[in-house]
Number of protein chains: 4
Amino acid sequence: MRDEGASEREAGLRAELAAAGRAFGARGWVPATSGNLSARLGPDVAIITASGRDKGALGEGDFLAIDLDGAPLGAPEERASAEAPLHGALYRRFADVRAVLHVHSPAATTISLVAGSGEVTLRGYEMQKALAGVTTHEHAEVIPVLPNEQDTVRLSTLVGERLDHHPDAHAYLLAGHGLYTWGWSVAEARRHVEALEFLFDCELRRLALRGDGR
Amino acid sequence: MRDEGASEREAGLRAELAAAGRAFGARGWVPATSGNLSARLGPDVAIITASGRDKGALGEGDFLAIDLDGAPLGAPEERASAEAPLHGALYRRFADVRAVLHVHSPAATTISLVAGSGEVTLRGYEMQKALAGVTTHEHAEVIPVLPNEQDTVRLSTLVGERLDHHPDAHAYLLAGHGLYTWGWSVAEARRHVEALEFLFDCELRRLALRGDGR
Amino acid sequence: MRDEGASEREAGLRAELAAAGRAFGARGWVPATSGNLSARLGPDVAIITASGRDKGALGEGDFLAIDLDGAPLGAPEERASAEAPLHGALYRRFADVRAVLHVHSPAATTISLVAGSGEVTLRGYEMQKALAGVTTHEHAEVIPVLPNEQDTVRLSTLVGERLDHHPDAHAYLLAGHGLYTWGWSVAEARRHVEALEFLFDCELRRLALRGDGR
Amino acid sequence: MRDEGASEREAGLRAELAAAGRAFGARGWVPATSGNLSARLGPDVAIITASGRDKGALGEGDFLAIDLDGAPLGAPEERASAEAPLHGALYRRFADVRAVLHVHSPAATTISLVAGSGEVTLRGYEMQKALAGVTTHEHAEVIPVLPNEQDTVRLSTLVGERLDHHPDAHAYLLAGHGLYTWGWSVAEARRHVEALEFLFDCELRRLALRGDGR
């Protein structure tokens, strides 16, 4: 039985996720009902946006509880996002992660397609310091890029294998698909989305000017 | 004589179309009174935005009823969009289409001009799954591009001939003009607009970086 | 002595100009207090935005009356824009022009600098039909580009000489400076701004993809 | 003891800075809690945004007082931005400067990285006249670009040395980091931000079209 504090905490998380969704929607990062947003409620449970909702206009009722395999708990009339297993796998991997945000922006999608080499490396940007634990622009932030895949359970295994080699990653990209990032709070995960979108945008502009973005 | 349910349904469709128009206006997709939005009322009748209105600021009175040739029904003081026959032809072709949306965005217009080969083919994007019935990014979405033409009755015949060869198309482009897409609800057609604009934007960025967009 | 109808008409024009300014401000077309907006009150008098105001946040009091040389009438405490003579010259040239709008957008400014040849020619865009009297995308719209010049009285003479050779022009560009366009109503002039910004944006994207924009 | 006029003046400055932050946030210039905004309260004291706040959504309580070394005065529970010494150094250098604004925009960041030669020179833009004291587009505005550096006390010394050689500069860039600009009022400093962002955007578009931006 959940206590009252728990349901207040949950309401607060829904409100924070909905506010993040509105901000992302205004920037064109969750078009056509794409993207999904989640927050951890406890060791083995999270809330995630229901499938098919406009993530730029979320209401209280647009979330459902899932376990860390991504399976819905209760409320059988709601369908969790097909990508719920990708969220669950991140909560399972990182005990201190409290929020996982997935967006589809033109910058993230384009850079995932032109990167080619299996990762995007960012270096020399002050904005990298918006990523938790990074203290200098001299840091090299390596963002793994994985091939896209429709079987999200299988994909979450592949993601796990890649993250084993990148224990300090703050995010990963799915090629032609979008960005996954996380944080120890909704605010931190949202800061990661904003920082990475900025960095991808700068990097794409720089590639276009250097003429070697192929 | 229309029943009360019918006029409530019509009011709902006007409100949905106006909301779509506001969203498109905020993104710069219906500048200078361009674009037109319609929804089916019945087997042989639709409502469409009146000519010359700002599609980003539509009110209740900015719509009129048309038959499927695009001719106004009643309200002779209002002028239907010159492109009403293009809407009508889509309702006639697809019995289950409930909404047709036409926007002019820089991305749709530019890609229609650089495509050259008579079609735009999208492949490898997760966002393709926002198009009704598409279940994988491996799908190749072919969007026919037709030469522009001022005689919209003649143009609607040409569109029909092209669509005969693309029975699964979700949309078509008019070169230098803009995008037509449709759906079994206003929400689905709006999702198609958002998804296609995203896809055209990504594809143009990718072409610019590859340096072979000519 | 002005009659009551006149002051109601003037209030309406101020409101229309302020609304146009807000829309332009939201798009980034009048940054850093740039741009100026005017409307004709009578054969020899117009109202224009006062110097130094944020054109994206205009109030009732941010306008002053000028004659067609651009000199302020009454209200000596207000300073008319230094570009008032350019507005006056257009009202003098075109007896049926009721509004003149001048904006600084990145697209207009950039295209004025890369055009090189003294004019920008637009062809093949459906959006050209948003320009008064244009009925087909096959029309070639020629927009003269003049070198910039700080003496706006002298500049207005040079503009006049160029417009003598382009009697059907809907607009002109000042190199590195911005766009001037006009219309028989505030709504028409605003439609011209929106259409031309769209067209410049498309044309710049097309030049960038073709790789021959130098 | 501060008088009542002083605390009203301070409240006004907080409101002006918060409004500037909202405008910058809407344009994507202060993503991921980046940027910092300050205003001078007196000869030796200024207010500056507290560390870690979203500069696009500032409230009354998101500021703290600092001396011109950037050290917090009172309110020990608040942390000043790590970049406070860079603000202080500008107030110390220019007795008549009343506001210092620092933003991270994609345009400022990208141009700082492609500039290469240690400075960005702007020439031929009417918008240069939005910079205090500039009266013609023929003016060459030189904006020093400094290498980024995490020790902001040391960095402020380096900035000072560079500004000794550019006594008329209105701004400087930190490579891969962002823009610093100032003015004799919050309004003037904000006008400088808007004008410089416009100019960087135009210059980057021009470089991309000329194909020599490397």
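Right, let's walk through the structure included here. (Residues numbered from 1 in each chain as written. Chains lettered and ligands numbered in written order. Predicted model: local features only at pLDDT ≥ 70, side-chain atom pairs only at ≥ 80, totals over all residues. Heavy atoms only, no water.)

**Regarding the relation of the copies chain A and chain B**
Quick note on the threshold: Overlaid copies result from least-squares superposition on C-alpha atoms, with residues included only where pLDDT is at least 70 in both.
Mapping chain A onto chain B calls for a rotation angle of 90° and an axial translation of 0.0 Å; the resulting RMSD is 0.0 Å. Taken together, the rotation angle and the small translation identify this as a four-fold axis. Residue Ala 208 of chain A of chain A places its C-alpha closer to the rotation axis than any other residue of that unit, at 5.1 Å.

**A closer look at the interface of chain A and chain B**
For clarity, the cut-off: Any pair of residues with heavy atoms lying within 4.5 Å of one another is described as a contacting pair. Summed over both partners, the accessible surface that disappears when two parts come together, traced with a 1.4 Å probe, is what is meant by buried area. Each reported salt bridge corresponds to a side-chain nitrogen of Lys or Arg within 4 Å of a carboxyl oxygen of Asp or Glu. Throughout this description, a polar contact denotes any pair of N or O atoms lying within 3.5 Å of each other; where both atoms belong to protein, one of them has to be capable of donating a hydrogen while the other can accept it, and for residues adjacent in sequence the pair is counted only when both atoms sit in side chains. The helix count covers DSSP runs of H or I at least four residues long, the strand count covers runs of E at least two residues long, and both are numbered beginning at the N terminus.
Contacts between the two partners involve 25 residues from chain A and, on the opposite side, 20 residues from chain B. In total, chain A and chain B occlude about 1800 Å² of area from one another, counting both sides; carbon and sulfur atoms represent 63% of this. Area buried by chain A at its contact with chain B is led by Ala 32, Pro 106 and Gln 150 of chain A, which between them contribute 29% of it. Taken together, the connections running from chain A to chain B amount to zero salt bridges. At the boundary of chain A with chain B, the tally comes to seven residue pairs in polar contact (both at pLDDT 80 or more). The set of elements that each furnish at least two residues to the side of chain A that touches chain B consists of helix H3 (106-114) and helix H5 (186-210) of chain A.

**A look at the sheet that holds strand E8 (residues 178-183) of chain A**
Residues and elements named next belong to chain A. Rule in force here: The criterion for strand pairing is that DSSP finds at least two bridges linking the strands in question. Axis definition: a line fitted to C-alpha atoms, over the contacting stretch in the case of helices. Angles run 0 to 180 degrees between N-to-C directions.
The strand order across the open sheet built from eight strands is E3-E2-E1-E4-E8-E7-E6-E5, with neighbouring strands paired in mixed fashion. Where the open sheet ends on each side, the last strands, each with one partner, are strand E3 (63-67) and strand E5 (119-123). Direction aside, neighbouring strands of the sheet carry axes that sit 20° apart on average. The sheet contacts of helix H2 (residues 84-93) involve strand E1 (36-42), strand E2 (45-49), E3, strand E4 (99-103), strand E7 (171-174) and E8, and relative to E1 the element is tilted by about 40°. Sheet strands touched by helix H4 (residues 152-165): E5, strand E6 (140-146), E7 and E8. Its angle to E6, the strand with the most contacts, is close to 150°.

**Observations regarding the interface of chain A and chain D**
Cut-off, in case you're wondering: Under the scheme applied, nonpolar residues are Ala, Val, Leu, Ile, Met, Phe, Trp, Tyr, Cys and Pro; charged residues are Asp, Glu, Lys and Arg; polar residues are all the others, including Gly.
Between chain A and chain D, the contact holds 20 residues from the first and 25 residues from the second. Surface buried jointly by chain A and chain D totals about 1800 Å² across both partners, of which 63% is contributed by carbon and sulfur atoms. For chain A, the biggest contributors to the area lost against chain D are Glu 126, Phe 198 and Leu 209 of chain A; these three give 34% of the whole. For the pair chain A and chain D, the interface holds seven residue pairs in polar contact (both at pLDDT 80 or more). Across the side of chain A that touches chain D, the residue classes break down as seven nonpolar, four polar and nine charged.

**Focus on the pattern of salt bridges**
Residue and element names in this part refer to chain B. We count it as follows: When accessible area is computed with a 1.4 Å probe and restricted to protein chains, residues below 20% of their type maximum are described as buried, those above 50% as exposed, and intermediate ones as partly exposed.
Throughout the structure, instances matching the rule amount to 36 salt bridges over all chains. In this structure, Glu 194 engages Arg 190 in a salt bridge whose closest nitrogen and oxygen atoms are separated by 3.5 Å. Remark: Arg 190 and Glu 194 occur in helix H5 (residues 186-210); sequence separation between them is four residues, near one turn of the helix. Residue class for Glu 194 comes out buried when judged on its relative accessible area of 16%.

**With respect to the pairing of E6 of chain A**
All names here are of chain A. Stated formally: The definition of a right-handed crossover adopted here requires that, viewed with the strands pointing away, the path from the first strand over the helix to the second runs clockwise.
For E6, the tally of buried residues reaches five of seven residues, placing the bulk of the element in the interior. Direction of pairing for E5 relative to E6: antiparallel, over a ladder of five bridges. Its bridge partner lying in E6, Glu 119 is registered against Pro 144. Alignment of E6 against E7, held across two bridges, turns out to be parallel. Within E7, the position partnered with Val 145 by the bridge is Leu 173. What joins E6 to E7 is H4, and the crossover it makes is right-handed.

**Points about the arrangement of the chains**
One thing to see here is that chain A and chain C don't touch, and their nearest C-alpha atoms sit 10 Å from each other. A gap remains between chain B and chain D, with no contact made and the closest C-alpha atoms lying 10 Å from each other.

**Overview of the sheet that holds strand E5 (residues 119-123) of chain C**
All names here are of chain C. Taken together, eight strands build an open sheet; the order of strands is E3-E2-E1-E4-E8-E7-E6-E5 and the sheet is mixed. The open sheet has two edge strands, strand E3 (63-67) and E5, and neither has a second partner. If you compare each strand with its neighbour and ignore which way they point, the axes differ by 20° on average. Bridge count between strand E7 (residues 171-174) and strand E8 (residues 178-183): four bridges; the pairing is antiparallel. Its bridge partner being in E8, Leu 173 is matched across the sheet by Leu 179. Set on the sheet, helix H1 (residues 4-26) makes contact with strand E1 (36-42), strand E2 (45-49), E3 and strand E4 (99-103); between it and E1 the angle comes to about 160°.

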